[in-house]
Amino acid sequence: MFINWSQFTPWSALIGGGIIGLAATLLILLNGRIAGISGIVGGLFTAGRGDVGWRIAFVSGLVAAPLVWQFFQELPLIRIDASYAILTVAGLIVGIGTRYGSGCTSGHGVCGISRGSPRSVAATLIFVGVGMLTVYIIRHVLQS
Amino acid sequence: MNNLIALLSGLIFGLGLILAGMANPAKVLAFLDVDGAWDPSLALVMAGAAGVASLAFAVARRRHLSYLGAKMQIPNSRAIDRRLVLGSLAFGIGWGMAGICPGPALVLLGSGSAKGIVFVAAMLLGMGIFAMLEKNR
């Protein structure tokens, strides 16, 4: 392992992270809700009446973010190397997996760890570990 | 009012993701690729987010109602069960395949990326399948 210093962006990462934390702060202290994206989106399929509006509002804000960003400056580089077939399979697995495991990088990784939930710490260690293992297999075993 | 807060929170969340570089799947994969040219940025994103959010949750845990009078809906389950482990395992595989998790997926959708749209469609299908399976449990 070696750190790629030319790609490492500590300040924008920390500040961007802090802004994500601020978004989670707003949602919990004002609305009493956890900012877990998979839970908010997945809940659209199961939520009862009166529990749908805020979910759609949150998702709309998230989807609108790149548009608002572009209003002020150009979007930073976005590169997706995966093929459409891989993206379809990956999307399906992410959809089912995050719902089955009750959370993703935001719900478990940010909010769960922030409130010291042992479930979320375990979930985060698992999906980060398995994510690293998956990338290792794809890049260094299958493609070598 | 709750919907306005949710809209703002989603927007701020998305702007944070873009600034942090996390809307770029290649950068996320550079974090997950520990055997390549490793980019530790994602770890700092989580640290920054958790640093701020932990203050909020320290306050939230002592309250029954939010500052706007909504019920605090904080999960209280502590069990590390099979569903949590298997679900997170599956998520990790999908995340490693594409470098996209649900938040950035929605930002990619908004950026108009065709690949992002396909990923979100598949992810929604997956969530729909889960909801159907749960209903018939």
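Calculation criteria
Residues numbered from 1 in each chain as written. Chains lettered and ligands numbered in written order. Predicted model: local features only at pLDDT ≥ 70, side-chain atom pairs only at ≥ 80, totals over all residues. Contact = placed C-beta atoms within 7 Å. Helix = DSSP H or I, 4+ residues; strand = E, 2+ residues; numbered from the N terminus. Nonpolar A, V, L, I, M, F, W, Y, C, P; charged D, E, K, R; others polar. Pairing = 2+ DSSP bridges. Domains from an automatic or database assignment.

A.B. asks: For the interface of chain B and chain A, give the residues involved together with the corresponding values.
C.D. replies: It is common to report an interface's size as the accessible area lost on association of the parts. Facing the 104 residues of chain B at the interface are 103 residues of chain A. Mapped onto the side of chain B that touches chain A, the elements with two or more residues apiece are helix H1 (2–20), helix H2 (25–32), strand E1 (37–38), helix H3 (41–60), helix H4 (82–98), helix H5 (102–111) and helix H6 (114–135) of chain B. Looking at the side of chain B that touches chain A element by element, the count peaks at 18 residues for H1(B). Among the residues making up the side of chain B that touches chain A, the classes are represented as 69 nonpolar, 27 polar and 8 charged. Pairing geometry for strand E1 (residues 2–3) of chain A and E1(B), over 2 bridges, is parallel. The partner of Phe2(A) across the bridge, within E1(B), is Ala37(B).

A.B. asks: I'd like a rundown of the domain arrangement of chain B, residues and numbers included.
C.D. replies: Residue and element names in this part refer to chain B. Domain parsing of chain B yields domain 1 (1–74) and domain 2 (79–137). In this structure, domain 1 and domain 2 have C-alpha centres spaced 17 Å apart. Contacts between domain 1 and domain 2 engage 11 residues on the former and 8 residues on the latter. Where the side of domain 1 that touches domain 2 is concerned, the elements lending two or more residues are H1 and H2. Examining the composition of the side of domain 1 that touches domain 2, we find that 5 residues originate from one element, H2, more than from any other. The residue inventory of the side of domain 1 that touches domain 2, partitioned by class, reads 10 nonpolar, 1 polar and no charged.

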